[in-house]
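Secondary and tertiary structure notes
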Amino acid sequence: SGFLQAAPHARAHTGHEDGAIRAALAGGGHGVHRQIKDVGLHLPPQGAFCAAARHADLGDLHTGGADDLHRVPQREGDALHYGAAQRPQIPLIAESEEYAAGVGVYIRGAFATQIGQKDQTAAAGLLRNGKLVAIPTETVYGLGANGLDENAVLRIFEAKGRPQDNPLILHISEPKELESICHDIPAQAWLLAEHFWPGPLTMVLPVRDLVPKRTTAGLDTVAVRCPKTAATRELIRLAGVPIAAPSANRSGKPSTTTAAHVLHDMDGRIEAILDGGPCEVGVESTIVDLTGERPRLLRPGGVTPEELRALLGELDIDRAVLGQISNDAVVRAPGMKYKHYAPSAEVYIISGSSEAAARYIRRRFGPGDAVLCFAEELPLYDGCNPTAYGSENDVRTLSAGLFAALRDLDRPDIRTIYARCPEGGGVAYAVGNRLKKAAAFRVVDAEHEA
Ligand code: TXA
Ligand code: MG
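Another aspect to go through is the packing of helix H12 (residues 395-408) against helix H13 (residues 427-438). Running from N to C, H12 and H13 point in directions that differ by 20 degrees, and their axes come no closer than 8 Å. Taken together, the axis directions place H12 and H13 in an arrangement best described as roughly parallel. Helix-helix and strand crossings are classified by hand; for H12 and H13 the assignment is left-handed. Seen from H12, the contacting residues are Val 395, Arg 396, Leu 398, Ser 399, Leu 402, Phe 403 and Leu 406; seen from H13, they are Val 427, Ala 428, Val 431, Arg 434, Leu 435 and Ala 438. Considering only residue class, the contact of H12 with H13 consists of 10 nonpolar, one polar and two charged.

As structure tokens, this is what we get:
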């Protein structure tokens, strides 16, 4: 089924006589057109993905131009400007003549639904051609490449500066595509897929041979996710291959939750960004390993431990979730051992009541210090220039705002960040996990420390 017979670089039948796909991409309303030749011939010969790719048939790549209204910048002075003067380096396919002058699919759209068919088709062409395209998902932005093409996957590691022993998540457009990349899929996996896909859940399952070792870092398992963002699922469907995508940040930095963040970290390193607006969940997906005796939570996220337990009956929590793991430790999710989500400053979590924490922090606050708190607590930090990342009463605002706030505070003049962290289960468990990781699990109890 699926792309099992796919030779990663096999030339597939595309329905085009000359085997070449020609595309004219509009230069963001500037009337610049360039031809892309030979885009995307790495299609599998049959199966679900292939049918999808044939359906797209890239016919509408011939159009482009004046109707690209949603590519016009939305805000004056926006870093995302798609104008000739401010055009970012992003569609930096500069080595290839076709893309000279920086023409590409850097697409500005406030909502995923505003990403047009033509944009997705063009981005899919880039992906099939071994290029890197940043993709919006409901969790964080991903740095996407053809997950079956080891050269494309290698470029992901290079662009991120990511150690190659840290495997990638494969993104699929529909749950049933799981069968194409995994084998011995337990009933639990289908149960979880039924409830949470498309959505912020990643499952670790036994991998089929067609997935290159580079994608899985040599493991015999692979992490798979079907993201919720409709435009991204459509893009994967058009690409006709599973898309390997880690979070689209430079290794060690907080994940990116807007296209502007991606541009900041990846400009000059990748070919395009599909801009779907800010991410709704804001922290990376929940990862569950289903290859052991009991299901194991490797990373908390938007799908909560309570929701998983309700369906699975049991769930172990990996020790990497609970505390700092030493660098040489053997862990189930290799990524969990690296320092993550961290700004350059030292982060300290100050627990306890709002008042006790404010007393503790204000007593110590000085030059080079910053406060990261709940919106409700802002009045307690008069004169400390506090940053709120969301409302304590609505934990989803905290998850949506955390990484953007950590990025704002990633400045050379800030040396210490005192942070307030939500307690408890649900989505707060994921927010707490990310913040504790940023703090290297340094938590001070303000109620008991003067
Ligand atoms: O929400 C997300 O999951 C985002 C979006 C883009 O989908 N992606 C993401 O990818 O967070 P990344 O690469 O930043 O994190 C993937 C994590 C890493 O900690 C990695 O070690 C772990 O998943 N992982 C990947 N494959 C694995 C496997 N076979 N077994 C265990 N852990 C795995
Ligand atoms: Mg990451």
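So much for the structure itself; the text now carries on.
Here we come to the sheet that holds strand E4 (residues 142-146). Strand order in the open sheet formed by 10 strands is E9-E3-E4-E8-E5-E7-E6-E10-E11-E12, and the pairing between neighbours is mixed. Bordering the open sheet on either side are strand E9 (272-273) and strand E12 (316-317), each of which pairs with just one other strand. Summarising the sheet, strand E6 (residues 201-206) and strand E7 (residues 221-225) pair through five bridges and their orientation is antiparallel. Directly across from Leu 205, in E7, lies its bridge partner Val 222. Taken strand by strand, helix H3 (residues 150-160) contacts E4 and strand E8 (243-244), and its axis lies near 155 degrees from that of E4.

This paragraph deals with the pairing of E4. Burial of E4 is extensive: five of the five residues sit out of reach of the surface. Here strand E3 (residues 133-135) hands over to E4 after six residues, the two strands then running antiparallel side by side.

Now for the pairing of E7. The buried fraction of E7 amounts to five of the five residues, a majority that puts the element mostly inside the structure. Along E7, one buried face is formed by Thr 221, Ala 223 and Arg 225 and the opposite face, lined by Val 222 and Val 224, is buried too. In the sheet, strand E5 (residues 169-171) pairs with E7 via three bridges, with the strands oriented parallel. Across the sheet, Leu 170 pairs through a bridge with Val 224, a residue of E7.

Take the nonpolar core next. Trp 197, Leu 201, Met 203, Ile 270 and Leu 308 are the most contacted members of the largest nonpolar core, which totals 63 residues. At five residues, H3 tops the list of elements feeding residues into this core. Setting aside anything within four residues of it in sequence, one finds Leu 201 in contact with Leu 192, Phe 196, Val 224, Arg 225, Ser 285, Thr 286, Val 288, Val 303 and Leu 308. Counting residues in hydrophobic clusters, the runner-up holds 26 residues, among them Val 283, Leu 372, Phe 403 and Ala 430.

Let's shift gears to the packing of helix H5 (residues 187-196) against helix H9 (residues 305-312). The interhelical angle for the contact between H5 and H9, taken along N-to-C directions, is 130 degrees, at an axis separation of 10 Å. Here H5 lies oblique to H9, going by the angle between them. You can see that H5 and H9 cross each other, and the crossing is right-handed. Between H5 and H9, the residues in contact are Gln 188, Leu 191, Leu 192, His 195 and Phe 196 and Glu 307, Leu 308, Leu 311 and Leu 312, respectively. Across the contact of H5 with H9, the residue classes tally to six nonpolar, two polar and one charged.

Every α-helix winds through 3.6 residues per turn, so residues three or four apart in the chain are directed the same way. Listed in full, the buried residues belonging to H3 are Ala 152, Val 153, Ile 156, Phe 157, Ala 159 and Lys 160. Seen from one end, H3 has its buried residues packed into an arc of 165 degrees, which puts them on one side. Buried residues in H3 make contact with E4, helix H6 (213-216), E8 and helix H8 (259-266). In this structure Asp 149 caps H3, since a side-chain oxygen of it lies 3.0 Å from the backbone nitrogen of Asn 151.

Tallied over the full model, the rule gives one aromatic pair. Between Phe 374 and Tyr 389 the ring centres are 6.1 Å apart and the planes differ by 40 degrees, which places this aromatic pair in the tilted class. Taken together, the residues Phe 374 in the loop between strand E14 (369-373) and strand E15 (387-388) and Tyr 389 in the loop between E15 and H12 connect sequence positions 15 residues apart. A residue is classified by how much of its surface remains accessible, and Phe 374, at 1% relative accessible area, is buried. Accessibility expressed as a relative area gives 4% for Tyr 389, which makes it buried. Sitting over the ring of Tyr 360, Arg 364 keeps its end group 3.6 Å from the ring centre. A cation over an aromatic ring shows up here: Arg 442 above the ring of Tyr 348, its NZ or CZ 4.8 Å from the ring centre.

Cut-offs and rules
- Residues numbered from 1 in each chain as written.
- Chains lettered and ligands numbered in written order.
- Predicted model: local features only at pLDDT ≥ 70, side-chain atom pairs only at ≥ 80, totals over all residues.
- Heavy atoms only, no water.
- Axes fitted to C-alpha atoms, helices over the stretch in contact; angles between N-to-C directions.
- Helix = DSSP H or I, 4+ residues; strand = E, 2+ residues; numbered from the N terminus.
- Parallel < 35°, antiparallel > 145°, perpendicular 65-115°, else oblique.
- Left-handed = near helix turned anticlockwise from the far one by under 90°.
- Contact = heavy atoms within 4.5 Å.
- Nonpolar A, V, L, I, M, F, W, Y, C, P; charged D, E, K, R; others polar.
- Pairing = 2+ DSSP bridges.
- Buried < 20%, exposed > 50% of the residue type's maximum accessible area, 1.4 Å probe, protein only.
- Core = buried A, V, L, I, M, F, W, Y, C linked by side-chain atoms within 4.5 Å.
- Arc of directions from axis to C-beta.
- Polar contact = N/O pair within 3.5 Å; in protein donor to acceptor, adjacent residues only side chain to side chain.
- Phe/Tyr/Trp six-rings, centres within 6.5 Å; stacked < 30°, edge-to-face > 60°.
- Lys NZ or Arg CZ within 6 Å of the ring centre and 35° of its normal.

By themselves, these are just geometric observations and shouldn't be taken as functional.
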